[in-house]
Amino acid sequence: MILSIRFILSLSLLLAVVVNLAAQSATPKFGKDSIDKIVAVMSTEEKVALLIGMGMDLGIPGTLMMSPEDKAIPEKVPGAAGRTHAVPRLGIPSITLSDGPAGVRINPTRPDQPGKSFYATGFPVATLLASSWDEDLVSKVGAAFGAESRDFGIDILLAPGMNLHRNPLGGRNFEYYSEDPLVSGKMAAAFVRGVQSMGVGTSIKHFAVNNQEFNRLQSNSIVGERALRELYLRSFEIAVKESRPWTVMSSYNLLNGRYTSQEPDLLDTVLRKEWGFGGVVMTDWLAGNDVVEQMIATNELIMPGLPNQSHALIEAVNSGRLDSKILDRNVASMLRLIEKTLAAKDYKFSSAPDLKGHSTVARQAAASGMVLLKNDTSALPLKARAKVGLFGNGGYDMVAGGTGSGNVNKAYVISPDKGLVDAGFTINSAMRASYLAHIKNAKDARPAVPWFMLPPPIAEMDLSDALIDSISSDSDIGLIVVGRNSGEFADRTVAGDFDLTANEQSMIGRISKAFRAKGKKLIAVLNVGGPIELGSWRDQVDAILLAWQPGQEGGYAIIDTLSGRVNPSGKLATTFPMAYTDVPSADTFPGRETDAPNLLPGNPFAGKPSEAIYTEGIFVGYRYYSTQNVASAYDFGHGLSYTNFTYSNLRLGSKSFSDSMPISLSVKNVGKVDGREVAQVYVSAPAGPLSKPVKELRAFAKTRSLKPGESHILSFTLTGRDLASFDPSRSAWIAYPGKYCVQIGTSSIRIEQTECFDLPSELVVEKVNPVLKPKVNLVERPFGKR
């Protein structure tokens, strides 16, 4: 009897084990079974967890935005911007997302690894990269970003930023490429291809029309359909179609009355159905105000993710407000994204990227994107081993990049003073010591701000006339560095930012007088993230090098360019206006506060309800200045070299347009040193029913390095889309019949070669959906020709 009972118990236990093993084997596993099978066995709670990020902790009292359970889970990459929930039961890993417009932004130190550093490379800002007009270079930089992200264990790099430079005061313009959608789209596509070649995803941002920081979480961008299609969406369209980014980040703002992250016409109709995007859309951090609407709009990933959003989503599914099919659709999209990542492949990252190799890439890229704005009487390049009188805070404490999510925790920054000394030039050691002491004292005295905020600028050191005279007597040449910084949460100002301060104006004037009295040259270097006013003082200097914010190797790259080690080949990707009042959006930027209700009660970063009205329409940047004959300080596309080039033999494939128009052109180096040139292809259209700019950039190419006397034949192809304008009344891209002229030049106003062709009849290039119309009567100013 006892034996029988033992046998029965043993048999029961064996059966239980068999049943349990069978159940385990029946549970599908991520990476082995189909995504449909994975979704089918997920609970509502697991699905929601996958779509809502794990929250964030800014490291500031009162800013913990995550559950205690998530806080207790160690970060794979401390300091990364966000992460998703894992679902261990199904083998679904957590993925890590990192800020990255100018380099991987993570914590440089870790408490559990004392004595070890985790610095990342500080690359040049996006505006500098765009000024290279070199897609191959930008792709190479992207590959370095991707390799560094991979080695640190990052799955998705939250870059590139690609909003247009609508206005030079945009606080985050340094993160963005250009005022022109073609340049922006091409540069973004090149960067994305480089990053993703390393197995790391990207997130092109901020989609869309997020052109100001002013009350950004509650700002309503009111923009017409044509400007939206031709400018603000066009750059994203190019990037999506040419590089297939893994993710797109929707923006903070409202677009024509609705949050972009909650707008299905933007995220589904345009992005997915019209452009064919097949990846994931994520929110910007704390964007929008209705997680259910975001899910419906195909905004699959909510970042950083808050516990109350998880609860709201579960409740919406249970109550029927959110169709479970929509939830499943979004979960499947997220799983397809995760399937691509390094985390899904269990990649063994080293946390030891090739920082030395990447610093070389950063230095090369920085020099390639610097723009020689002025060089009277061949003031540059500098003579070898010259004594240089170095003035300005930026000469000793260079701004490598902007603040906020675009900042990078880098091991060092090379400023121009070190760049000069290491290149064999001489600077005044006493002057250097005085500047360093002045800068240190000012930093010690200024109030502390959170890591993501812009600290107050440091006023220039007082310089006596006697000191200036002494330095000018002891130097062969003078060098003034003018510095500017900006970042998230605030736009730039005109006074003391776009315009020089009175102290800066006085300093430049007195230094110029002293050097010129002795027959010596004076050079200005602009260490800035965006345009500043130059017209009132540029005649006081002999040469101006626009160095932008050139990353950690910037000081070396500046001296590489000033010394002639590198021949400058950068061209402006954004116009430098003569005065801020010349900017077409000067009267409406950054917007105005309204009496609308607060859309984000309880959000500490909410700001106030506002609206930004885009009354300038399509006439942004050079499209406005060229059409209205408004002189700029330095025009779009401008940039000098230490050599000279000629353009010749512009040939069109036909005198009449059919499906496309082949173009070829010869560029020859007729100077004395090796150099590269950027040929810019502008197209002017015939008068028609729509107002048009006098010319628009439709293609560009950069030559290889040409030796003196050497030529390079460049080829381009225009398509129907390059001739077309968007007609809102017909919801179509249409090229109207008449004469079109191809104008190829060195800038938007310096045209070297022109040839024309005819379009015999109207060409409807593409019809699209009639969506995203303004909900108010938007009156655009009457610019352009008809």
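Up top you'll find the structure we're talking about.
Definitions and cut-offs
Per chain, the residues get numbers from 1 upward, laid out in the order the sequence is written. Two thresholds apply to this predicted model, a pLDDT of at least 70 for residue-level local features and 80 or more for giving and counting side-chain atom pairs, whereas whole-chain, interface and lining totals are computed over all residues. Computation of side-chain values covers all heavy atoms of the structure but excludes hydrogens and water. Only strands joined by at least two bridges in the DSSP assignment are considered to pair. Only DSSP runs of H or I with at least four residues qualify as helices, and only runs of E with at least two residues qualify as strands; both kinds are numbered from the N terminus onward. Lines fitted to the C-alpha atoms define the axes, with helices restricted to the stretch that makes contact. Angles between their N-to-C directions range from 0 to 180 degrees. Put simply, a salt bridge is a Lys or Arg side-chain nitrogen that is within 4 Å of an Asp or Glu carboxyl oxygen. Think of it in three bands: with a 1.4 Å probe and only protein chains considered, a residue is buried below 20% of the maximum accessible area for its type, exposed above 50%, and partly exposed in between.

**Q** What is the right way to read the sheet that holds strand E23 (residues 678-684) from this model?
**A** The strands making up a sheet associate through backbone hydrogen bonding, with each pair oriented either parallel or antiparallel. Spatially, E24-E23-E28-E29 is the arrangement adopted by the 4 strands of the open sheet, whose pairing is antiparallel. What marks the edges here is a single partner per strand, and that holds for strand E24 (696-702) and strand E29 (751-759). In this sheet, adjacent strand axes meet at a mean angle of 20 degrees when their direction is disregarded. When E23 meets strand E28 (residues 738-745), the two strands line up antiparallel, connected through 5 bridges. Following the sheet pairing, Gln680 is matched in E28 by Gly745.

**Q** When you look at unusual backbone geometry in this model, what are you seeing that I'm missing?
**A** In most cases, non-glycine residues show a negative phi, while peptide bonds are predominantly trans. Leu380 connects to Pro381 through a cis peptide bond whose omega is 5 degrees. At Thr298, a position not held by glycine, the phi torsion is positive, near 70 degrees. Looking at the element boundaries, Thr298 is found in the loop between helix H11 (291-296) and helix H12 (307-319). Of note in the backbone geometry, Ser731 takes a positive phi value of approximately 50 degrees without being a glycine. Tracing the sequence through the fold places Ser731 in the loop between strand E26 (725-727) and strand E27 (732-735).

**Q** What's the story with the pattern of salt bridges in this structure? I'm lost.
**A** Where charged atoms from two side chains of opposite charge come close, those side chains can pair. On inspection of all chains with the given rule, the structure shows 51 salt bridges. For the salt bridge of Asp560 with Arg363, the shortest nitrogen-to-oxygen distance reads 2.8 Å. On the criterion of sequence distance, the pair formed by Asp560 in helix H20 (residues 554-563) and Arg363 in helix H14 (residues 355-369) is long-range, its members being 197 residues apart. By relative accessible area, which is 6% here, Asp560 ends up buried. For Arg510, the salt bridge goes to Asp465, with nearest N and O atoms at 2.7 Å. Of this pair, Arg510 sits in helix H19 (residues 502-517) while Asp465 is found in helix H17 (residues 465-474), placing the two residues 45 residues apart along the sequence. When salt bridges with common partners are traced through the structure, they connect Arg172, Glu175, Glu213, Arg216 and Glu488 into a single cluster.

Keep in mind these values describe shape, not function.
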